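Residue-level listing of the chains:
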Amino acid sequence: MLAKSPEKEPAAGGVRADAALETRAVLSLAGITKSFPGVKALSGVALDLYPGQVTALIGENGAGKSTIVKILTGIYQPDEGEIRVDGETVQFPTAEAAARYGVTAIHQETVLFEELTVAENIFIGHAPKTRFGLIDRKQMLRSARSLLERIGAKIDPSVPLKDLGIANRHLVAIARALSIDARVVIMDEPTASLSHKEIEETYELVDRLKAEGKAILFISHKFDEIFRVADRYTVFRDGELVGSGLMQGVDEGQLVKLMVGRPVDQVFPKRTPNLGDEVLKVAGYAHPSEFEDINFSLRSGEILGFYGLVGAGRSEFMQALFGITKPSKGAIRIDGEIAVIRTPNEAIGKGIVYVPEDRGKQGAVKGLPIFQNVTLPSLGQVSSRGFLKMAEEFKLARDYTQRLDLRAAALDQDIGELSGGNQQKVIIAKWLATKPRVIILDEPTKGIDIGSKAAVHDFMAELAGEGLAVILVSSEIPEVLGMSDRVIVMREGRIAAEFEGEGLTPENLVRAAAGIEEARP
Amino acid sequence: MSGRIHISREVVLGGAMLVLLGLIATRFPAFVEPGNLANVFNDTAPLIILALGQMAVILTRCIDLSVAANLALTGMVAAMINTAMPDLPIPLILLVAVSLGVAMGLVNGLLVWRLSIPPIVVTLGTMTIYRGIIFLISDGRWINAHQMSDSFKAFPRQVLLGLPVLSWIGILAVIAIFILITRTPLGRAFYAVGGNPNAAQYAGINSGFTQCAAFVLSGALAGLTGYLWVARYAVAYVDIAGGFELDVVAACVIGGISIAGGAGSVAGAVLGALFLGIIKNALPVINISPFWQLAISGSAILIAVAVNVTQNRPKGRVILKKAEHAV
C-alpha cells in the first residue's frame with residue numbers, strides 16, 4: 001500500500017490533476033463522446049498518454065474502457081471530440097491510420113496467425129522485401145530475432161506460432177508492436193490468463209517499454225498490478241471521466257470509491273422479500289477448468305445476486321447448473337431432493353430455466369415469429385397427440401408477452417424486427433411460459449435502453465413476489481445491489497464472499513471481486 | 001404460417017412460373033394443355049418428393065448429397081427382390097424400400113450427430129459408398145423390364161381419379177411433410193436448430209438428434225422414390241439418377257430454402273421443384289439443344305439465388321434502422 005500524501009487528492013469531475021506534468025502528452029483525447037442505439041457509451045471523456053509513462057485505465061465492466069480502446073485504434077469513430085497526436089488534431093478513420101500514428105493495441109485475445117511463423121506474424125503487412133519485390137526471409141528472421149531480444153523474449157522466430165503458449169504469444173504481439181515503431185502501446189488486461197511467473201515477466205516488459213519511451217495505456221481490474229506498473233491513473237464510470245492523476249498519492253480505497261461512485265438516475269423497485277422454503281441447494285459444484293467448490297442455497301421469493309469480474313466463472317457455473325456443460329463433481333437438491341441435470345431439457349423439466357446473456361447468440365431464433373420463439377421450450381405444453389395447436393401457442397405467447405408489456409405489431413411478427421429491449425422481453429416470456437421454480441437471469445439488462453431496463457427490474461421483483469427464486473448474474477453494481485436480497489461474489493472460479501443486509505455496499509463487492517484482502521468479511 | 005417471410009418469394013416464383021408457361025405457350029400451345037401439365041407434374045413428382053426431404057435437412061443447416069445414391073441402391077434392391085420373389089406384394093416392397101432408405105438416412109444422421117463430421121463430408125462419402133454397394137450386389141449388371149413382374153412395374157403408372165399413383169404419392173408426400181413441418185414439435189425444431197442452434201440448445205432441443213431426424217426423413221423419402229423410379233422406368237442399374245442430388249438441392253435453393261438454415265417453406269420447395277421440372281420438360285419440346293438445356297437450368301439456379309440474396313439484403317438494413325429509431 002502506498003502512502004497517502006495530503007496535497008495530492010485525486011481530482012474528480014473531469015478535472016485533470018497534471019500539475020506535475022513535465023513531458024508533453026504524445027496522445028490526448030478530449031471531449032470524446034460516443035453513443036450506440038439506446039446507450040451513451042462515452043460522454044465527454046479525456047485521456048492523456050505520456051511518453052515513458054504507464055497510464056492505468058480503471059473502471060467497472062461497461063464503464064467505457066473497451067469503447068475508448070476501439071476509438072484509439074480506429075475501429076470506432078467518436079461522435080464528438082478530438083484526438084491529438086503531439087498537439088496536432090488528427091483522425092483515425094481506420095485501424096491502419098491509427099497504426100500509422102504509432103498507436104497499437106495488444107488485446108486479451110491477441111489476433112495472430114496460428115499457422116505462420118513468429119517472424120511472419122511480427123512482419124505481416126510490412127515484411128522486408130528483396131530487390132525483386134519478394135519477401136526477404138533472411139532479413140525478416142534477423143530483424144525478428146533482434147526485436148525479440150530487445151524485449152527479452154527467448155523465442156525462435158522461425159517456429160510456427162501455434163507452438164507457443166499464451167505468454168509467448170503476448171510477447172510476439174509486443175514485438176509486432178515494436179516492429180511498426182509504436183509510440184503508444186495499449187495493453188488490455190495483458191495478465192488475464194497468465195501464470196504468476198509470466199505476470200512478473202510482463203511487468204518487466206512494461207518497464208522495458210517505458211524505458212524505450214513508449215506511452216502505455218494499461219487496462220486492468222487488478223489493483224496490485226496497477227500499483228505495480230502504473231504512473232498515472234484515469235477512472236471511468238458509466239462512460240464518464242470521474243478522475244485522473246498520478247498514482248503517487250492515491251490508495252486503493254480512493255480508486256474503488258471513484259470506480260463505484262453513487263448510482264445517479266436508477267431507481268429500483270421497493271420490495272419486501274417474502275422468503276419461503278429452500279428451493280435449490282448446490283453443494284460442491286466443480287468443473288475441471290472453470291469453477292470449483294460452489295456451495296449455496298436459494299429460497300423461494302429470494303433474489304440472489306452473483307457479482308464478479310468478467311471471467312470469474314459465473315456464467316460457466318450457471319451453464320453447468322442448467323445442463324449445458326457437465327460439472328466434474330457436486331450435487332444439487334431441488335426441494336430437498338437430489339436432482340440430476342444432464343441436459344437443458346432435464347433442467348427445464350425440473351423447473352430451472354436460464355435466460356442467457358447473449359440474446360443474439362443464445363436467445364432469439366431470428367426468422368421465427370414472436371409466438372414461436374415463446375413456445376419453443378414449451379412445445380409439449382401446446383401440443384396434443386404430437387401435433388402443435390396453433391391457438392394454444394398464440395394463447396400462451398399472448399399471456400406471457402402481455403405481462404411483460406411487449407410492444408410488437410403482432411405476435412406473428414419476426415422476432416428479428418423488434419428492438420433489443422423488446423427481444424429481451426420475448427425471451428423472458430419464453431422462459432416464464434415454462435412455469436419455472438428457479439429462474440437464472442444472466443446480465444438481463446445488458447445493452448438495453450433505460451425504459452426496458454426498468455420494466456425488467458419491476459418484473460423481476462414481481463416474480464420474486466410470486467414466490468419464484470431468482471438468480472441475478474450482473475456485472476452492474478447498482479443493479480446487483482438494487483435488486484438482490486443477498487449477493488455472492490465470485491472470483492477466479494470460486495465464491496469469494498457473500499454479503500447481505502448491511503454488507504451490501506459497492507466497496508465490499510468491488511474489493512471481494514478484485515481480491516483486495518482486508519475487505520473480506 | 002409456413003410462408004411468413006417467404007410469401008413474397010413464393011409469389012414471385014409462382015409468377016415467374018406462369019410467365020415461363022406463357023412464353024412456352026406462345027411457341028408450343030400444346031405444352032400448357034391440362035393433360036400435358038399433368039404429365040409434367042408426374043415427371044417432376046420424384047424431384048418434389050426428394051426436395052421435401054432435402055428441405056428438412058437444409059433447414060437444420062445440413063445437406064444430404066447421398067439422396068440419389070440412396071434412391072439408386074433402394075431401387076436396385078427392390079428390383080432384385082422382385083426378380084427373386086415375383087409374387088411378393090407391392091406394399092411389402094414399399095415397406096422394404098422405405099426401411100432401407102431410413103437405414104441409409106440413419107447412417108448419415110448418426111455420423112453427423114455422434115461423430116460431428118460435417119454433413120457435406122458425410123454424405124459425399126456415403127453417396128460413393130451407396131453407389132459402390134449397388135455395383136457389389138448387382139455385379140454391375142442391369143435389371144431390365146422383362147425381369148420385373150408386371151404388377152411391380154404397373155404400380156406407379158396405375159391411374160386413380162385421372163392421375164397416376166406416382167403423382168398421388170407426390171401429393172400425399174407434400175401434405176404429410178407440410179403437416180410435419182408446420183404442426184409438430186419436430187418440424188419446429190428443424191427451424192430452431194437451423195435458425196439458432198445455441199438458442200435451440202438452451203430451449204432444451206437436441207440439435208444433433210434433430211439433424212439426424214432430418215436425415216432419416218430424407219432417407220425415407222429417397223427410399224420410397226427408389227422403388228417408384230425403378231418401377232416407372234422399368235430398369236435398374238448402378239448409375240440411375242446419377243447427379244440427381246444436385247437437381248434436388250437446386251430445387252430447394254430455387255424455392256428459397258436458405259442454405260444457411262432456418263428459413264424456407266414446403267411451398268417453396270415444391271415450387272422450386274416444379275420450376276425446374278417445367279424447364280426440363282419444356283426445353284426439349286421447343287427444340288433447344290441439350291447443351292443449352294444444362295446452361296439454362298444452371299442460370300435459373302443462379303438467378304434464383306441472386307434474387308433471394310438481394311431480396312434479403314435491403315430488408316435487413318431497413319429493420320436495423322427501424323430498430324435504431326425505435327430505441
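These figures come from a predicted structure and were not determined experimentally. (Residues numbered from 1 in each chain as written. Chains lettered and ligands numbered in written order. Predicted model: local features only at pLDDT ≥ 70, side-chain atom pairs only at ≥ 80, totals over all residues.)

With that settled, the discussion passes to the overall build of chain B. Helix and strand counts for chain B stand at 13 helices and two strands. Rg of the C-alpha trace for chain B: 20 Å, near the compact-globule value of 20 Å for 327 residues, within the 12% margin. Taking the principal axes of the C-alpha coordinates as reference, chain B spans close to 70 × 55 × 35 Å. Pairs at least 24 apart in sequence give 78% of the contacts found in chain B among residues at least 6 apart. (Helix = DSSP H or I, 4+ residues; strand = E, 2+ residues; numbered from the N terminus. Rg over C-alpha atoms; globule rule 2.2 N^0.38 Å. Contact = placed C-beta atoms within 7 Å.)

Moving on, we come to the overall build of chain A. Per the secondary structure count, chain A includes 17 helices and 23 strands. For 521 residues, the compact-globule estimate of 2.2 N^0.38 gives 24 Å, and chain A sits close to it at 26 Å. Taken along the three principal axes of its C-alpha coordinates, chain A extends 75 × 60 × 45 Å. Looking at the 521 residues of chain A, the share that counts as buried comes to 48%. When contacts within chain A are restricted to residue pairs at least 6 apart in sequence, long-range pairs at least 24 apart make up 68% of them. (Buried ≥ 20, exposed ≤ 12 C-beta atoms within 10 Å, placed from the backbone.)

Turning our attention to unusual backbone geometry. Of note in this structure, aspartate 86 of chain A is not a glycine but carries a positive phi near 50°. Within the element layout of this structure, aspartate 86 of chain A appears in the loop between β5 (80–85) and β6 (88–90). The phi torsion at serine 116 of chain B lies on the positive side, around 55°, for a residue other than glycine. Within the secondary structure, serine 116 of chain B sits in the loop between α4 (90–114) and α5 (119–138). On the basis of neighbour count, serine 116 of chain B is assigned to the exposed category, with 9 C-beta atoms found within 10 Å.

The next point concerns the domain arrangement of chain A. The domains assigned to chain A are domain 1 (1–102 + 184–190 + 214–259), domain 2 (108–181), domain 3 (276–351 + 436–521) and domain 4 (363–435). Its C-alpha centre places domain 2 of chain A at a distance of 52 Å from the equivalent point of domain 4 of chain A. (Domains from an automatic or database assignment.)

What follows is about the interface of chain B and chain A. Contacts between the two partners involve 24 residues from chain B and, on the opposite side, 31 residues from chain A. Among the elements of the structure, α8 (185–195), α9 (197–202) and α13 (290–326) of chain B are those that each provide at least two residues to the side of chain B that touches chain A. Here the residues of the side of chain B that touches chain A sort into 13 nonpolar, seven polar and four charged. (Nonpolar A, V, L, I, M, F, W, Y, C, P; charged D, E, K, R; others polar.)

With that settled, the discussion passes to the sheet that holds strand β15 (residues 329–334) of chain A. All names here are of chain A. In space, the four strands of this open sheet follow the order β13-β12-β15-β16, with antiparallel pairing throughout. In this open sheet, the two strands that pair with only one neighbour each are β13 (294–299) and β16 (337–339). Geometrically, the sheet is characterised by an average inter-axis angle of 20° between neighbouring strands, direction not taken into account. Of the pairings in the sheet, the one linking strand β12 (residues 278–286) to β13 comprises five bridges and is antiparallel in character. Paired with glutamate 278 across the bridge in β13 is arginine 299. (Pairing = 2+ DSSP bridges. Axes fitted to C-alpha atoms, helices over the stretch in contact; angles between N-to-C directions.)

A few words now on the confidence of the model for chain A. Averaged over every residue, the pLDDT of chain A is 83; the share at 70 or more is 90%. Across residues 1–21 of chain A the pLDDT falls below 50, and counting only partners more than four positions away or on other chains, this stretch makes 31 contacts in the model. (pLDDT = per-residue confidence, 0-100.)

Once that is clear, we can look at the UniProt feature "transmembrane region" (unreviewed entry) in chain B. With numbering matched to this structure, UniProt assigns "transmembrane region" (unreviewed entry) to residues 12–32, 47–80, 92–113, 119–138, 159–181, 213–236, 248–279 and 291–310 of chain B. Its end C-alpha atoms 24 Å apart, residues 47–80 of chain B is made of 79% helix and 0% strand. (UniProt positions renumbered as here; feature names shortened; annotations may be inferred.)

A word on the confidence of the model for chain B. All names here are of chain B. With 91% of its residues at a pLDDT of at least 70, chain B reaches an overall mean of 87. The low-confidence segment residues 1–6 (pLDDT under 50) makes 17 contacts with residues lying over four places distant or belonging to another chain. Here residues 313–327 is a poorly scored stretch, pLDDT under 50, and it has nine contacts once near neighbours within four places are set aside; other chains count. Listed scores for the predicted complex are pTM 0.75 and ipTM 0.78.

With that settled, consider the sheet that holds strand β20 (residues 438–442) of chain A. Pairing between the strands of a sheet comes from backbone hydrogen bonds, and it takes one of two forms, parallel or antiparallel. Residue and element names in this part refer to chain A. Read across the sheet, six strands follow the order β17-β20-β21-β14-β22-β23 without closing on themselves; strand pairing throughout is mixed. Two strands lie at the open edges of the sheet, namely β17 (352–355) and β23 (494–500), each paired on one side alone. Taken pair by pair, the neighbouring strands of this sheet meet at an average axis angle of 20°, ignoring direction.

All names here are of chain A. With their axes 10 Å apart at the nearest point, helix α8 (residues 252–260) and helix α17 (residues 506–514) run at an angle of 115° to one another. Between α8 and α17, the angle is such that the two are roughly perpendicular. Handedness of the crossing formed by α8 with α17: right-handed. From α8, Val256, Met259 and Val260 reach across to α17, where they touch Pro506, Glu507, Val510 and Arg511. Looking at the contact of α8 with α17, its residues break down into five nonpolar, no polar and two charged. (Parallel < 35°, antiparallel > 145°, perpendicular 65-115°, else oblique. Left-handed = near helix turned anticlockwise from the far one by under 90°.)

Here we come to helix α11 (residues 244–254) of chain B. All names here are of chain B. When you tally the buried positions in α11, you get 10 out of 11 residues, the bulk of the element. Looking at α11, one finds that the buried residues are Phe244, Glu245, Asp247, Val248, Val249, Ala250, Ala251, Cys252, Val253 and Ile254. One or two positions beyond α11, positive phi appears at glycine 256, with a value near 85°.

The next thing to look at is α17 of chain A. All names here are of chain A. The element α17 is largely enclosed, with a buried count of seven among its nine residues. Buried residues in α17 make contact with α7 (223–229), α8, β14 (303–308), α16 (477–483), β22 (486–491) and β23. Looking at the residues trailing α17, positive phi occurs at glycine 515, about 80°.

A few words now on the packing of α11 of chain B against helix α12 (residues 266–285) of chain B. Residues and elements named next belong to chain B. For the pair α11 and α12, the least separation of the axes is 7 Å and the interaxial angle reads 120°. Classified by the angle their axes make, α11 and α12 are oblique. Considering the relative orientation of α11 and α12, their crossing is right-handed. Note on element contacts: α12 touches α11 through Ala269, Gly272, Ala273, Phe275 and Leu276, opposite Asp247, Ala250, Ala251, Cys252 and Ile254.

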